[in-house]
Amino acid sequence: QVQLVESGGGLVQAGGSLRLSCAASGRTFSSYAMGWFRQAPGKEREFVAAISWGGGSTYADSVKGRFTISRDNAKNTVYLQMNSLKAEDTAVYYCAAAQTWAVRPEKYDYWGQGTQVTVAS
């Protein structure tokens, strides 16, 4: 079992930055691939970024060059640094854990409760 708790969301002006954190419980965190997803009102949950247990990463085209995913296995934490935020980045952001690297949400086994990010234009 892995429990995930996100933090760091909030209200920011367009062009600003936020860093989301996701703290994981369990001693096997380092063996999981971790992902960030987001869901805006009335829209489906969409992939944002993922990082493998070894540190390899991949991003959605919409955030490439603006967002950076990273992980600290010693702290059981994964981060999402979000720069140059746009109004269309407004959503609830979720972190998730998977046995293998994936971009599809159904491949993830564990989910956090989400944290709201609102970007004011």
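Residues numbered from 1 in each chain as written. Predicted model: local features only at pLDDT ≥ 70, side-chain atom pairs only at ≥ 80, totals over all residues. Heavy atoms only, no water.

What follows is about the overall build of the protein. Per the secondary structure count, the protein includes zero helices and 11 strands. Helices (α) and strands (β) of the protein occur, in sequence order from the N terminus, as β-β-β-β-β-β-β-β-β-β-β. A compact globule built from 121 residues would reach a C-alpha radius of gyration of about 14 Å, and the protein, at 13 Å, matches this within 12%. Dimensions of the protein, computed from the C-alpha atoms along their principal axes, are close to 40 × 25 × 25 Å. Looking at the protein residue by residue over its 121 residues, the buried ones come to 45%. Summarising the internal contacts of the protein: among those between residues at least 6 apart in sequence, 58% fall at separations of at least 24. In the protein, 12 side chains carry a positive charge and 9 a negative one; their mean positions are 4 Å apart. (Helix = DSSP H or I, 4+ residues; strand = E, 2+ residues; numbered from the N terminus. Rg over C-alpha atoms; globule rule 2.2 N^0.38 Å. Buried < 20%, exposed > 50% of the residue type's maximum accessible area, 1.4 Å probe, protein only. Contact = heavy atoms within 4.5 Å. Lys, Arg positive; Asp, Glu negative; His and termini not counted. Charge placed at Lys NZ, Arg CZ, Asp CG, Glu CD.)

Let us now look at the packing of aromatic side chains. Applying the stated criterion across every chain, the model contains six aromatic pairs. With a centroid separation of 6.4 Å and 75° between ring planes, the pair formed by Tyr94 and Trp111 is classed as edge-to-face. With Tyr94 in strand β9 (residues 91-98) and Trp111 in strand β10 (residues 110-111), this residue pair connects regions lying 17 residues apart in the sequence. Classification of Tyr94 as buried rests on a relative accessible area of 14%. Three or more aromatic residues link up through ring pairs in this structure, and these residues are Phe37, Phe47, Tyr94, Tyr108 and Trp111. Across the ring face of Tyr94, the terminal group of Arg45 is positioned such that the distance to the ring centre comes to 3.8 Å. When the ring centre of Trp111 is taken as origin, the NZ or CZ atom of Arg45, which lies over that ring, is 4.7 Å away. (Phe/Tyr/Trp six-rings, centres within 6.5 Å; stacked < 30°, edge-to-face > 60°. Lys NZ or Arg CZ within 6 Å of the ring centre and 35° of its normal.)

With the rule as written, the count across this model stands at five salt bridges. Between Asp61 and Lys64 there is a salt bridge; the shortest N-O distance is 3.1 Å. A salt bridge links Asp89 to Arg66, with the nearest nitrogen and oxygen atoms 2.8 Å apart. Here Arg66 lies in the loop between β6 (57-59) and β7 (67-72) and Asp89 lies in the loop between β8 (77-82) and β9, a separation of 23 residues in the sequence. Neither Asp89 nor Arg66 differs from the other in exposure class; each is buried. (Salt bridge = Lys/Arg side-chain N within 4 Å of Asp/Glu carboxyl O.)

Interpretation in functional terms is not warranted from these geometric data alone.
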